[in-house]
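Listed here are the chains, written in short residue letters.
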Amino acid sequence: MKQTNRKYLLIGIPLLAVVGCLLAAILIYNKVSSNSLSLVTDDRIDVTPQQIRTMRDIGEWEFLSVSDEEMIDTVRRGIFFDDQLVRIYYGTLRLGIDMKQLRDDAFSASGDTLLVTLPPVKLLDDNFIDEARTRSFISKGTWDTSVREDLYQRARQKMLQQCLTPQNLKHARQNAEEQFSEMLRAMGFEHIKITIDESD
């Protein structure tokens, strides 16, 4: 009888271990199944500080170049003869964006679209007259530097009026949008909407 009881006891220990393992497995399964598991993809659109620094390092980005020439003259009346000075000025006005003015908050996201606000398109260089090419077409009499400076400033104003037109600024903005979009697509962004600040 003692040997028989020992057999039941030996058989009962492994059986209890198996049942315990089954109960533990059922409890774990119920706990896991009660929580919803799902795979989530991260579709956030983010421009890193390093990318912003790289864009700022571009500096002045030209989108339209307009060349112009202006003939400016002045006359000084005399008793017997008139003095006359006629000069021809050549200039190239470059329209673009100073990327150093790109703000930290220039980029945001709306759904899967990257929203970008760029600095204004403006004249990149105020000294656009090529003085090395300036020529006196007619020069009669003696003229001091103040007269030549006056002719220079008149030529500059005429070039600004001729070249900084709404149409040219619009064309430069369109070029800016196209070229900036191409750069962002090359960086991996697919859906892009660009706004250019026109406050300047």
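Trainee: Can you explain the pattern of salt bridges? Please cite residues and give values.
Mentor: In the structure shown here, the tally under the stated rule is nine salt bridges. A salt bridge links Glu70 to Lys158; the nearest nitrogen and oxygen atoms lie 3.6 Å apart. One end of the pair, Glu70, is in strand E1 (residues 60–76); the other, Lys158, is in helix H3 (residues 145–163), and 88 residues separate them in sequence. Judged by its relative accessible area of 35%, Lys158 is partly exposed. Note that Asp126 is salt-bridged to Arg156, the shortest N-O span being 3.8 Å. Note that Asp126 is positioned in the loop between strand E5 (122–123) and strand E6 (135–140) and Arg156 in helix H3, a separation of 30 residues in sequence. Here Arg156 falls in the buried class, since its relative accessible area comes to 16%.

Trainee: Any chance you could break down the packing of aromatic side chains for me, citing the residues and the numbers?
Mentor: Remark: the centre distance and the inter-plane angle together describe each pair of aromatic rings, the angle taken between the planes. Under the definition given, this model contains three aromatic pairs. Relative to Phe63, the ring of Trp61 has its centre 5.0 Å away and its plane inclined at 35 degrees; by these criteria the two rings are tilted. Assigned by exposure class, Trp61 and Phe63 land together as buried. Judged by centre distance (5.9 Å) and plane angle (45 degrees), the rings of Trp61 and Phe180 are tilted. Residue Trp61 is found in strand E1, and its partner Phe180 is found in helix H4 (residues 166–186); the two are separated by 119 residues along the sequence.

Trainee: I'd like a rundown of the sheet that holds strand E7 (residues 191–196), residues and numbers included.
Mentor: The mixed open sheet is built from three strands, whose spatial order is E3-E4-E7. Every interior strand has two partners, whereas the edge strands, strand E3 (107–110) and E7, have only one. Each strand axis lies, on average, 25 degrees off the axis of its neighbour in the sheet, ignoring direction. Pairing of strand E4 (residues 113–118) with E7 involves six bridges; the strand directions are parallel. Counterpart to Leu118 in the pairing with E7 is Ile196. On the sheet, H4 packs against E3, E4 and E7 and is oriented at approximately 145 degrees with respect to E7.

Definitions and limits used
Every residue gets a number counted from 1 within its own chain, in the order that chain's sequence is written. Totals for whole chains, interfaces and linings use all residues, but because this is a predicted model, local features are given only for residues with pLDDT of at least 70 and pairs of side-chain atoms are given and counted only at 80 or more. Only heavy atoms go into the side-chain values, all of them from the structure, while hydrogens and water stay out. By definition here, a salt bridge exists when the distance from a side-chain nitrogen of Lys or Arg to a carboxyl oxygen of Asp or Glu is within 4 Å. Helix and strand assignments come from DSSP, with helices taken as H or I runs of at least 4 residues and strands as E runs of at least 2, each series counted from the N terminus. Each residue is assigned to one of three classes by its accessible area relative to the maximum for its type, calculated with a 1.4 Å probe on protein chains only: buried under 20%, partly exposed between the two thresholds, exposed over 50%. Paired rings are identified among Phe, Tyr and Trp, the last through its six-membered ring, by centres lying within 6.5 Å, and are further divided according to the angle between planes into stacked (under 30 degrees), edge-to-face (over 60) and tilted (the rest). Only when DSSP finds a minimum of two bridges between them are two strands counted as paired. Note on geometry: axes are C-alpha line fits, over the in-contact stretch for helices, and angles between N-to-C directions span 0 to 180 degrees. Working rule for contacts: check all heavy atoms of both residues, and any pair within 4.5 Å makes them a contact.

Fair warning: the whole summary comes from geometry, so function is off the table for now.
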